[in-house]
Amino acid sequence: MTVRLDLGHPLAAVHAGLARILREKLQSTVKSLEASPPGFLEILDEGDSVAERCREEAARLQKFETVVVLGIGGSALGARTVRDALAPEFAARLVVIDNIDPVTIVRTRDSLDPKSTAFFVVSKSGSTAETAAQLILFRTWLLEAGCNPAEHITLITDPKNGPLRALATRDGYSTLEIPPRVGGRFSVLTPVGLLPAAVLGIDPAELLAGARAMWHAVRDQEDHPLLDWVAGHAIRAEHAGQQIQVLMSYSDRLSTLGDWFAQLWGESLGKKLDRAGKVVHRGSTPLAAVGATDQHSLVQLFAEGPADKQFLILGLDGARAPLTPLGAEAAELSADFAYLEGHSIDELFEAERIGTIQALRAAGRPVARLQLEKLDAATLGALFVFFELATVLAADLLDVDPYDQPGVEAGKIIAFARMGRAGYEEKVRELLGEVAEETPGAPLF
Ligand code: PA5
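First, a word on what this report is: a plain description of the structure on this page. (Residues numbered from 1 in each chain as written. Predicted model: local features only at pLDDT ≥ 70, side-chain atom pairs only at ≥ 80, totals over all residues. Heavy atoms only, no water.)

## Looking at the site of the ligand
Inspection of the region around the ligand gives 13 residues, with Ser 75, Ser 123, Ser 125, Thr 128 and Gln 263 positioned closest. Between an oxygen atom of the ligand and a side-chain N or O atom of Ser 125, the distance comes to 2.7 Å. Gln 263 places a polar side-chain atom, nitrogen or oxygen, 2.6 Å from an oxygen atom of the ligand. The fraction of the free accessible surface of the ligand (390 Å²) that becomes covered by protein chains is 85%. Secondary structure elements with two or more residues in the shell around the ligand: α3 (74-86) and α11 (255-269). Broken down by class, the residue content of the shell around the ligand amounts to one nonpolar, nine polar and three charged. (Near = heavy atom within 4 Å. Polar contact = N/O pair within 3.5 Å; in protein donor to acceptor, adjacent residues only side chain to side chain. Areas by Shrake-Rupley, 256 points an atom, 1.4 Å probe, with all protein chains shown as cover. Helix = DSSP H or I, 4+ residues; strand = E, 2+ residues; numbered from the N terminus. Nonpolar A, V, L, I, M, F, W, Y, C, P; charged D, E, K, R; others polar.)

## Focus on the packing of helix α1 (residues 16-35) against helix α10 (residues 225-239)
Where α1 meets α10, the axes come as close as 9 Å, and the angle between the chain directions of the two elements is 130 degrees. Here α1 lies oblique to α10, going by the angle between them. Handedness of the crossing formed by α1 with α10: right-handed. Contacts between α1 and α10 involve Leu 18, Ala 19, Leu 22, Arg 23, Leu 26, Gln 27 and Val 30 from the first element and Leu 227, Asp 228, Val 230, Ala 231, Ala 234, Ile 235 and His 239 from the second. The residue makeup of the contact of α1 with α10, split by class, is ten nonpolar, two polar and two charged. (Axes fitted to C-alpha atoms, helices over the stretch in contact; angles between N-to-C directions. Parallel < 35°, antiparallel > 145°, perpendicular 65-115°, else oblique. Left-handed = near helix turned anticlockwise from the far one by under 90°. Contact = heavy atoms within 4.5 Å.)

## Observations regarding the sheet that holds strand β3 (residues 94-97)
What the five strands build is an open sheet, ordered β3-β2-β4-β5-β6; its pairing is parallel. Strands at the two margins of the open sheet, each flanked by one partner only, are β3 and β6 (174-177). The sheet shows a mean angle of 20 degrees between the axes of neighbouring strands, direction not considered. (Pairing = 2+ DSSP bridges.)

## Notes on the packing of aromatic side chains
One pass over the structure, following the stated rule, counts 14 aromatic pairs. Here Phe 40 and Phe 186 contribute two aromatic rings whose centre-to-centre distance is 5.1 Å and whose plane-to-plane angle is 35 degrees, an arrangement assigned as tilted. Residue Phe 40 is found in helix α2 (residues 39-60), and its partner Phe 186 is found in the loop between β6 and α8 (191-199); the two are separated by 146 residues along the sequence. Residue classification places Phe 186 among the buried residues on the basis of a relative accessible area of 3%. (Phe/Tyr/Trp six-rings, centres within 6.5 Å; stacked < 30°, edge-to-face > 60°. Buried < 20%, exposed > 50% of the residue type's maximum accessible area, 1.4 Å probe, protein only.)

## Remarks on the pairing of β3
Burial along β3 is two-sided: the face carrying Leu 94 and Val 96 and the face carrying Val 95 and Ile 97 are both buried. As paired elements, strand β2 (residues 66-70) and β3 share four bridges and run parallel to each other. Counted as the bridge partner of Val 68 is Val 95 from β3. On the question of chirality, the crossover connecting β2 to the parallel β3 by way of α3 is right-handed. (Right-handed = clockwise from strand over helix to strand, strands pointing away.)

Rendered as structure tokens:
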């Protein structure tokens, strides 16, 4: 497994001193992560027994044709990312419902056979309204079909707290644990991502081994390029107004990693208060893109629009073997296509990736490159930790807490009040002064 990071153009000379200072600050942050590891790093060293437990549970569920993941946010994105990156051919075996759009829910339910469907209900807090609603709906569906929910449902939640844990104890559901110190968007390397991996036939221990290798490299190598990337990001954001971080993947299999990254980066860095409680409204906006598709969509904006973006382009080394030749008849179809004759689609994909990088750089846009030798479980594990560390280090430079998300509470409180949850009307009044009614808006035609 090799993953390479090319930082692209160096920072302007005027920022060299600042880059050095920030790198030293990040080096000392890495030391403190080593001395007192946050939950998402702590689990790497304890993870192999968890991998074993995930393999066991996956074996128990072998008899089910389909496994449906019920969850939202960090409790669903990890499963989707693992499936799409490592086993995209099994999208029908592992279905991830990470929303409560009734149309999707009903369409999915109607496509399933209750007798051959298992469910992972994933919620760290155990109390998320969307996940509770999904659970209630599918449990009722199982009961109506004469199935015993405890045979079909596995709960993935906190070891002690929350309504899902209480339910598991009361009704005897099979459970796996999300360690208390690991928050939702940092939970992909717990059973949240590892159990779906095992169900897809991917060894969770390999994901963990890759993750550990990345963490140990950052920990042990003082001048690790990740630190320069984070320092460069902070300097460009602060001094060049480049507060949008684009992650553009030249691989359909990695497009969901872009969504996972967007949640991690956006929810961790976008904060009203700094760590001392001062109002600062800081953050960096993540934007996920996919090449070559977005060369016909967003790249126009990237190349010529406001210079408010930084780019990280993710690519897979060289061509796949065997190549997929285009066939010999290009020139016969049209003289305009003659240049494609004798080439493979792999070569065109690679040429477009390089073309985008060089064109953006020529337009003066800051482009770093993350290049994977291959995409396997170990590499994906390493990428998860790369982005988790980058996020925590970026939060350190922004002086914000990466692990909380107070900004999502107000919307939840209003929704609870609208659903009649006791005590929430008063909370809305405290928040808004009154329970606001939605206006219909002006007719457009
Ligand atoms: O990162 C987070 O903490 C959130 O995005 C959560 O993952 C999301 O809100 C779901 O929470 P829970 O796992 O408690 O149901």
